[in-house]
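Analysis of the macromolecular model
Each chain, letter by letter, is given below.
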Amino acid sequence: NPPLQGAGVHHAGMALLGKRNELRVLRIATQGLYLNAENFGDVLIPNQYVPPGTKVADVLDVFLYCDSDDRLIATTVKPFAEVGDFACLQVVSADERIGAFLDWGLNKDLLLPIREQVHRARAGDWVVVYVRIDELSNRIVATQRLNRHLNLTPATYREGEKVKLMIMEKSELGYNAIIEGKHRGLLYDTDLRVKLFVGQKVEGYVRRVREDGKIDLALDPAGHGRIAPLADRVLEELQAKGGRLPLGDESKPEDIRAVFGVSKKSFKQAIGTLFKARKIVMIEGGIALPIDQESAGEKREAQRQRELGAKTNEGYRLEKKWEKPTGPVRPKRAPEEKTSQRPIFKPVKPGAEGTQQK
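A short tour of the structure in this document, coming up. (Residues numbered from 1 in each chain as written. Predicted model: local features only at pLDDT ≥ 70, side-chain atom pairs only at ≥ 80, totals over all residues. Heavy atoms only, no water.)

1. Focus on the overall build of the protein chain
If you tally the helices and strands in the protein chain, you get 4 helices and 19 strands. Sorting the 358 residues of the protein chain into buried and exposed places 36% on the buried side. Excluding contacts between residues fewer than 6 apart, the proportion of contacts in the protein chain whose partners are at least 24 apart in sequence is 53%. Summed over all atoms, the accessible surface of the protein chain reaches about 23800 Å², with 51% contributed by carbon and sulfur. (Helix = DSSP H or I, 4+ residues; strand = E, 2+ residues; numbered from the N terminus. Buried < 20%, exposed > 50% of the residue type's maximum accessible area, 1.4 Å probe, protein only. Contact = heavy atoms within 4.5 Å. Areas by Shrake-Rupley, 256 points an atom, 1.4 Å probe, with all protein chains shown as cover.)

2. Describing helix α3 (residues 264–276)
Given 3.6 residues per turn, any residue in an α-helix points the same way as the ones three and four places further on. The terminal C-alpha atoms of α3 lie 18 Å apart, and with 13 residues this matches the ideal 18 Å at 1.5 Å per residue to within 8%. At the C-terminal side of α3, R278 shows a positive phi close to 60°. (Expected span 1.5 Å × (residues − 1).)

3. Details of the sheet that holds strand β17 (residues 244–245)
Taking strand neighbours across the sheet as the criterion, the 3 strands line up as β17-β19-β18 in an open arrangement whose pairing is antiparallel. Of all the strands in the sheet, the pair left with one neighbour each is β17 and β18 (281–283). Pairing of β18 with strand β19 (residues 286–288), which is carried by 3 bridges, proceeds in the antiparallel orientation. Across the sheet, the residue bridging to I283 is G286, located in β19. (Pairing = 2+ DSSP bridges.)

4. Some words on the pairing of strand β4 (residues 42–46)
A large share of β4 lies buried, amounting to 4 of its 5 residues. Here strand β3 (residues 32–36) runs beside β4; their pairing, made up of 5 bridges, is antiparallel. Residue pairing for β4: L35 is matched across the bridge by V43. In textbook terms, the turn of a hairpin is the stretch between consecutive antiparallel strands, and for β3 and β4 this stretch comprises 5 residues, one of which, E38, has a positive phi near 55°.

5. Overview of the pairing of strand β15 (residues 201–209)
Both strand β12 (residues 162–170) and β15 contribute to a ladder of 5 bridges, which runs antiparallel. Each residue of the ladder has a partner; that of K164, found in β15, is E203. Where β15 folds back on strand β16 (residues 215–218), the antiparallel hairpin that results is connected by 5 residues, among which G213 adopts a positive phi of roughly 95°.

6. Looking at the environment of D134
Inspection of the secondary structure assignment puts D134 in the loop between β10 (126–133) and β11 (140–143). Apart from residues lying up to four places away in sequence, D134 is in contact with R115, R139 and V141. Here R115 takes part through its side chain, which lies 3.0 Å from a polar atom of the side chain of D134. (Polar contact = N/O pair within 3.5 Å; in protein donor to acceptor, adjacent residues only side chain to side chain.)

7. Describing the sheet that holds β15
Pairing between sheet strands relies on hydrogen bonds along the backbone, with the strands arranged either parallel or antiparallel. Taken in spatial order, the 5 strands of this closed barrel run β12-β13-β14-β16-β15, and their pairing is mixed. Each strand of the sheet is rotated relative to its neighbour by a mean of 55°, with strand direction disregarded. Where strand β14 (residues 183–188) and β16 come together, 3 bridges link them in parallel fashion. The partner of L187 across the bridge, within β16, is L217. (Axes fitted to C-alpha atoms, helices over the stretch in contact; angles between N-to-C directions.)

8. Some remarks on the packing of aromatic side chains
Note on aromatic pairs: each is described by the distance of the centres and the angle between the planes. The tally for this structure, following the rule as stated, stands at 4 aromatic pairs. Plain terms: the ring middles of F86 and Y130 are 4.9 Å apart, the flat faces sit at 55° to each other, and that makes the pair tilted. With a gap of 44 residues between them, F86 in strand β7 (residues 86–95) and Y130 in strand β10 connect regions that are remote in the sequence. Taking relative accessible area as the criterion, F86 reaches 1% and is therefore assigned buried. Note on Y130: relative accessible area 14%, which makes it buried. (Phe/Tyr/Trp six-rings, centres within 6.5 Å; stacked < 30°, edge-to-face > 60°.)

9. Notes on the environment of S68
By the secondary structure assignment, S68 is in the loop between β5 (59–66) and β6 (72–75). Sequence separation between S68 and N107 is 39 residues, and the spatial gap between their C-alpha atoms is 9.0 Å.

10. Side note on the nonpolar core
Grouped together as the largest cluster of nonpolar side chains are 21 residues, with contacts concentrated most on L102, L110, L112 and I140. Among the elements of the structure, β5, β7, β8 (99–103), β9 (110–113), β10 and β11 are those that each provide at least two residues to this core. Not counting residues within four places of it along the chain, the set of residues in contact with L102 comprises L89, Q90, V91, V92, D109, L110, L112, V127, V129 and A142. Membership of the second largest hydrophobic core comes to 17 residues, among which are A231, V234, F260 and I271. (Core = buried A, V, L, I, M, F, W, Y, C linked by side-chain atoms within 4.5 Å.)

11. Things to note about the pattern of salt bridges
This structure, assessed with the given rule, holds 18 salt bridges. Measuring nitrogen to oxygen at the nearest pair gives 3.1 Å for the salt bridge that ties E203 to K162. You can see E203 sitting in strand β15 and its partner K162 sitting in strand β12, a full 41 residues away along the chain. With a shortest N-O distance of 3.1 Å, D189 and K170 are connected by a salt bridge. With D189 in the loop between β14 and β15 and K170 in strand β12, the pair connects residues that are 19 residues apart, well separated along the chain. A relative accessible area of 30% places D189 in the partly exposed class. Taken together, the shared-partner salt bridges in this structure form one network comprising R115, E116, R132, D134 and E135. (Salt bridge = Lys/Arg side-chain N within 4 Å of Asp/Glu carboxyl O.)

Now the structure itself:
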């Protein structure tokens, strides 16, 4: 497992044990090449590690360590971790008297002494360690006592700053993590949407640097950069579920995490933003879209139907306007003949017959 902080190459000055160094080839020997390791004198790089075509006066990028016989040796193989790095390494074997031996990518395993173990390491375990040089033996060893090697000076991280993290250990509140290979911070269980494991390397964000120097971390960016995408997801879920969701302020954290994969705190911030923007309403047992708010699909379908109806009606009107009659034609009624005078009818009185005119 590669170290958390990147290891650099030592270019000039004294050669460093447990680090990569740029060393010049002095001479060629049967067993390999001899390099000028400055303060360490001439150091052998065995033939199996010599790059093809290397000649005298060439400069090689090599790692310096001690072999099984405690002889200083150089190699072009890059180990999983160097002196000064935190890394998660696997236990190859364990000895109850000496300690555990870790695979760090080289032929000789890295020793984790008994006195440097916090928890008894067994073969097959993965352990988070710090690689250092033992002051008594001057050998490269590993230690699980990580707090001794963390930076205790006040951190200068900004709120929302993106950082590299290595999960250090599980705690009651969440997970302690190593920040940029220097400081210690805390990821709270209530803010996590995924399960983490010790030794895992992730990218995170500084949520807050407290007055006492403790650092709160998160896996999501703080502020609007985190809330806005979640709010959009809530709206999409509402539209997909017909405008209602059985999740709200009183919902259980595990129910919220099962649907959106976020903490209850993040969910409440998201729906609070939507409520203030009048994009949702609070109902008993959850949230809903406003009554007059149609889903995007419903709006498109309604608009399509309106357009289709308008085209159909217009076509019908045009067809009726230019339609010619196809049935039998009823004959027109002839107009009545008009007279110039109306007929006069005079009533005849009874007994008037035979009456003479005077």
